[in-house]
Amino acid sequence: MMMNTPADSATDYSAPALTEGIAHVVAINGGKVWLEPEQTGSCGGCAASGACGAKGIGTVANRLEARRFQIENPANLVVGERVVIGVRDNALIKASITAYAVPLATLLTSGAMAQWRFGSDLITMAAMVAGLGLGLVFSRMGAGQLLMRGDLAPQFIRRARPGETCNHD
Amino acid sequence: MKEYVLLMVSAALVNNVILARFLGLCSFMGVTTRIDTAVGMGMATTFVITVSSMADWAVQSFLLEPYGLGYLRTVTFILVIAAAVQFTEMTVKKVSPPLFEMLGIYLPLITTNCAVLGVALLLVEGRMSFIASTLFAFASSIGYSLVMVMFAGLRERMALADVPRLFAGPPIGFIVASLLALAFMGFSGMSTS
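Residues numbered from 1 in each chain as written. Chains lettered and ligands numbered in written order. Predicted model: local features only at pLDDT ≥ 70, side-chain atom pairs only at ≥ 80, totals over all residues. Heavy atoms only, no water.

Engineer: How would you explain the packing of aromatic side chains if you had to name every residue and give the values?
Structural biologist: Counted under the stated rule, the structure contains five aromatic pairs over all chains. For the ring pair Trp57 of chain B and Phe130 of chain B, a centre distance of 5.2 Å and an interplane angle of 65° mean the geometry is edge-to-face. Here the residue Trp57 of chain B occupies a position in helix α3 (residues 35-64), and Phe130 of chain B occupies one in helix α8 (residues 130-158), the gap between them amounting to 73 residues. We classify Trp57 of chain B as buried; its relative accessible area is 14%. The class for Phe130 of chain B is buried, based on a relative accessible area of 0%. Relative to Phe187 of chain B, the ring of Phe184 of chain B lies with its centre 5.3 Å away and its plane at 70°, an arrangement referred to as edge-to-face. Directly above the ring of Phe118 of chain A sits Arg117 of chain A, whose terminal nitrogen or CZ lies 5.4 Å from the centroid. (Phe/Tyr/Trp six-rings, centres within 6.5 Å; stacked < 30°, edge-to-face > 60°. Helix = DSSP H or I, 4+ residues; strand = E, 2+ residues; numbered from the N terminus. Buried < 20%, exposed > 50% of the residue type's maximum accessible area, 1.4 Å probe, protein only. Lys NZ or Arg CZ within 6 Å of the ring centre and 35° of its normal.)

Set out below in structure tokens:
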């Protein structure tokens, strides 16, 4: 049982919880590095492995290349190094709400109001499309605010140990 | 109003996409190891199911039915779903590239999610109005997301439990899923009177 194990004194419980993943450095551009998320060996081990099952649309290599991202280079990383990066634990939920829930809410609200006011399928359809467009504008504004607060930015945590993967199971 | 509420409760709980109709089981087992990934997948699927069902209703009402092309329904709906996923991917990328980096991995999985096609075919079977079909699709996908998040929460707890080695991993997951399905059967006893 883990319950009686004394807590690790080095663990900082006040720090925000992070969802971790492994990426490798593919390019360096001034003070920033380009990272590519690593493909995992098996599906279901981590969130990134979801892309492995989607081989039908382009190759895995293409998809990983499309998912390259840039972060600051705080530890003088060099090309080829593997690093552990993380995003805040609730970042994915906030991002999902911003990208999907906001446009859906405006779409359904405008559709319901049009149906109640006019009772015509064609007008309801047009109102829903307009509501979707409006929702996407709100979504863009919300994403901008998240970005300004740094909620969406991945952070460098440490260099990955040899043989380390994102499969913790 | 009451009929819309009943339609939505029926679609989300009584005839739940995953636990009553057994659709979307691949994502149900594959993306429920963590609650936040389940929420991400659930929301993306909700968006795609709602948008694609609107498009499917229009295609069915203005193209397939008037011209007697019902035999092309499945192929056409698959095309519409793929287009809706592509539209979502492009829109999220345009609206916010950082959001796309975070959520983009879920979108290709939705193209092959049979729950999306299943809901579209159920709409045709139900011969509903536009608003009713959109609400039905939305409620079905809310039911899907609800079950995904519940199951992810259970799996996170199971990861800390002392499961016999023979049952560890997917076997205990299937047992829990079957118990969850039994619990959802209770909703079929609901009465509106």
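Engineer: Tell me about the confidence of the model for chain A, and name the residues and values.
Structural biologist: Do not read the predicted coordinates in detail wherever pLDDT is low. Residue and element names in this part refer to chain A. A residue-level look at chain A finds 67% of positions with pLDDT of 70 or above and a mean pLDDT of 73. Across chain A, element-level confidence peaks in helix α3 (residues 121-149) with a mean pLDDT of 89 and bottoms out in helix α1 (residues 60-66) with 58. Of the regions scoring below 50 in pLDDT, residues 1-15 engages in one contact with residues more than four places distant in sequence or in other chains. A low-confidence stretch, residues 41-58 stays under pLDDT 50, and its non-local contacts, those more than four residues away or across chains, total 31 contacts. (pLDDT = per-residue confidence, 0-100. Contact = heavy atoms within 4.5 Å.)

Engineer: How would you sum up the interface of chain B and chain A? Please name residues and give values.
Structural biologist: Contacts between chain B and chain A engage 43 residues on the former and 43 residues on the latter. Summed over both partners, the interface of chain B with chain A comes to about 3600 Å²; 78% of that surface belongs to carbon and sulfur atoms. On inspection of chain B and its partner chain A, the count reaches zero salt bridges. Among the residues making up the side of chain B that touches chain A, the classes are represented as 25 nonpolar, 13 polar and five charged. (Buried area = accessible area lost by both parts, 1.4 Å probe. Salt bridge = Lys/Arg side-chain N within 4 Å of Asp/Glu carboxyl O. Nonpolar A, V, L, I, M, F, W, Y, C, P; charged D, E, K, R; others polar.)

Engineer: Could you give an account of the pattern of salt bridges, with specific residues and numbers?
Structural biologist: All names here are of chain A. Counted according to the given criterion, the structure contains three salt bridges over all chains. A salt bridge links Glu81 to Arg159; its shortest N-O distance comes to 2.5 Å. On the criterion of sequence distance, the pair formed by Glu81 in the loop between β3 (69-72) and β4 (82-88) and Arg159 in strand β5 (residues 155-159) is long-range, its members being 78 residues apart. Classification of Arg159 by relative accessible area gives partly exposed; the value is 38%.

Engineer: Kindly report on helix α2 (residues 91-118) of chain A, identifying the contributing residues and their values.
Structural biologist: In this model α2 of chain A runs 40 Å from its N-terminal to its C-terminal C-alpha over 28 residues, within 8% of the 40 Å that 1.5 Å per residue would give. The axis of α2 of chain A is deflected most strongly, by about 35°, at Ile97 of chain A. (Expected span 1.5 Å × (residues − 1). Bend = angle between axes of the 7 residues up to and from the residue.)

Engineer: I'd like a description of α3 of chain A, backed by residues and values.
Structural biologist: Residue and element names in this part refer to chain A. Compared with the 42 Å implied by 1.5 Å per residue over 29 residues, the 41 Å span of α3 between its first and last C-alpha is a close match. When we look at burial in α3, the residues that qualify are Thr124, Met125, Ala127, Met128, Gly131, Leu132, Gly135, Leu136, Ser139, Ala143 and Leu146. Capping the start of α3, Ser120 holds a side-chain oxygen 3.4 Å from the backbone nitrogen of Leu122, two or three residues further along. Note on α3: the residue one or two positions beyond its end, Gly150, has a positive phi of about 80°. (Polar contact = N/O pair within 3.5 Å; in protein donor to acceptor, adjacent residues only side chain to side chain.)

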